[in-house]
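# Fold and geometry: a report
Chain by chain, the residues:
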Amino acid sequence: MYHGRKREPKVIPTEEQKKANAELLAKIQKINQELLQRRVAKQYNAENLELTEKAGALFTDNYTVWNYRREIIQEIVFKSSEKSVEDKKKFIVSELKLILKLLMRNQKSFPLWFHRQWCIEYGLKLDDAALGKEDSILKNELKLCAELLTHDGRNFHCWNYKAWLLELETANINRVYEDKEKREKALKEMYEREYKYTTQLISKDFSNYSTWFYRSKMLPYLFPDPTYLISVQKVREELEMLKQALYTEPKDQSCWNHHRWLMSLVLPVQVVGCSLKMPSENKVEITLGVSHKVKALEGVELSLNGAAVAAKVEAITPAIHTDRWLIKAELKDPVLAEAKLVLKKDAKCPTIEGPRVVRPVVLCWKKDGTVKLSCEKVESSLDKDLKEIAYGEIDVLTELIEVEEGLVYAIERVCELYCLKRDYFGNPYYGFADACYLCKGDLEKNYGVLSGYKKGTAAEVMYGDLTTKFKNISDLFNYSKAVLEGKAHVPVSYTHLTLPTNREV
């Protein structure tokens, strides 16, 4: 089972087919051995070029053959002083025809697609202006992709190649248009063209992960937003479109993957773990865990004993993107009585996908024997957006589960949305103002909705996982209540992070 589609049953070859395959394999091994010896000897000539063509036709996925062929082409074609620019262009055209011929036999060959990309890159080095011509290489290649995807819309090799062509087109637009307004107009037209293309394909077939993924690359450019990666309104529109897909093909994985991605867009970077310690009398260190791996932690302000101080923010782990950060500052006073850390409103942190907004928070430590942490509620529109979307999707998916039994992906997504509800509205570092959303009555209601849908082994696993998470939510609610009443401290580690637990100064 792959993306909700069953694989074709394995065909057992006949004795005659086995014999033919064995003969073909022996032939391939003999030619391959000969080519390896010639490559070691650096024999770059027309004879070996022809031999690599025959070997590549026998077995298109032989990386060594195509690597050797590229070395030969470089030596006897591209580096040759006897070949004119037009001769080199003609050779590239003939090479592209060869690859196209082989692609018709095997459209999912990594070496073939890579070799085609290599040929075009060299062709553009010879004549970069050819990219913008009416009968340009780029337009011809886009037509080829459209034709191949008509036959097999799930060919991710072709989709990856198409995405690379889009990068070429973007580079060409940036090169041709010096005027900013004209350049942005041309880029928008390009993205709109591709966006409409994905809409057409999805309307014909919801079950195509590659199309959904390619579409996700168009949305941030066409529907930008100062707060989120794409606008909240567009997220709602995409979810409405997905609703039709989910009700049509609820057992296909492609739509559910896109649903998970869309929901992730409205999740801000938030604090999920923190602690304060003093390694020496005049140094303060705050360990902070956040919900997303970010390249830099932005919007940090620190004050000690009521006075703002310069804070140095460092990543704890050496990775480019990390969710563990260390905030260092020097204490000028003899004693630390109070520390206040603020993540500012509207700050954004760079993530792998793009800038992600920070959920504002105010954390205060006061020393009274031990350092006690308290949290202040900061008003933010993020809460309203997430609540409306997440709660709406829980209702939609719960209705779907009631309509049809055994929908493992639907149950999994509802579980994840309940965990999202817990992790966001029950986050103890944000003042517990929304802890009422996790009341026992609400939990029991949601628990009862799913309790009758443990059909099949996979669903039972999901159901068991859900009951465990509900128990955690209930525990969190009781703990949050104790904190509000002053009977307990805020936990140092909230979700998946394991952070220092030193509360002593």
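On a predicted model such as this, the values are computed, not experimentally measured, just so you know.

Attention now goes to helix α9 (residues 209-222). Since one α-helical turn is 3.6 residues long, residues separated by three or four positions face the same way. For α9, which comprises 14 residues, the first-to-last C-alpha distance of 20 Å matches the rise-based estimate of 20 Å (1.5 Å per residue) to within 8%. Residues of α9 that are buried make contact with α7 (156-176), α8 (180-204), α10 (232-248) and α11 (253-265). Regarding α9, its N-cap is Asn208, as a side-chain oxygen of that residue lies 3.2 Å from the backbone nitrogen of Ser210 further along.

Relative to strand β6 (residues 322-330), strand β5 (residues 312-315) runs antiparallel, the two sharing four bridges. Across the sheet, residue Lys312 finds its bridge partner in β6, namely Lys328. Here β5 folds back onto β6, and the loop between the two strands holds six residues.

Further remarks concern the nonpolar core. Taken as a class, soluble globular proteins show a tendency for nonpolar side chains to be buried jointly. Of all hydrophobic cores here, the largest spans 90 residues; its most connected members are Leu165 and Trp212. Not counting chain neighbours up to four residues away, the residues in contact with Trp212 comprise Ile202, Phe206, Met241, Leu242, Ala245, Ser254, Cys255 and His258. Core analysis: the next-biggest nonpolar cluster, separate from the first, contains 29 residues, Ile286, Leu331, Ala347 and Tyr430 among them.

Moving on to the packing of aromatic side chains. All told, the structure shown has 12 aromatic pairs when counted by the stated rule. A ring pair is formed by Phe78 and Trp118, whose centres lie 5.8 Å apart and whose planes are at 55 degrees; its orientation type is tilted. With Phe78 in helix α3 (residues 63-78) and Trp118 in helix α5 (residues 110-126), this residue pair connects regions lying 40 residues apart in the sequence. Side by side, Phe78 and Trp118 carry an identical accessibility label, which is buried. Taking 5.7 Å as the distance between ring centres and 65 degrees as the angle between the ring planes, the aromatic pair formed by Tyr195 and Phe223 counts as edge-to-face. With Tyr195 in helix α8 and Phe223 in the loop between α9 and α10, the pair connects residues that are 28 residues apart, well separated along the chain. On the accessibility criterion, Phe223 (24% relative accessible area) is partly exposed. Three or more aromatic residues link up through ring pairs in this structure, and these residues are Phe78, Trp118 and Tyr122. One residue, Lys234, lies across the ring of Phe223, its end atom 4.5 Å from the ring centre.

Definitions and limits used
Residues numbered from 1 in each chain as written. Predicted model: local features only at pLDDT ≥ 70, side-chain atom pairs only at ≥ 80, totals over all residues. Heavy atoms only, no water. Helix = DSSP H or I, 4+ residues; strand = E, 2+ residues; numbered from the N terminus. Expected span 1.5 Å × (residues − 1). Contact = heavy atoms within 4.5 Å. Polar contact = N/O pair within 3.5 Å; in protein donor to acceptor, adjacent residues only side chain to side chain. Pairing = 2+ DSSP bridges. Core = buried A, V, L, I, M, F, W, Y, C linked by side-chain atoms within 4.5 Å. Buried < 20%, exposed > 50% of the residue type's maximum accessible area, 1.4 Å probe, protein only. Phe/Tyr/Trp six-rings, centres within 6.5 Å; stacked < 30°, edge-to-face > 60°. Lys NZ or Arg CZ within 6 Å of the ring centre and 35° of its normal.

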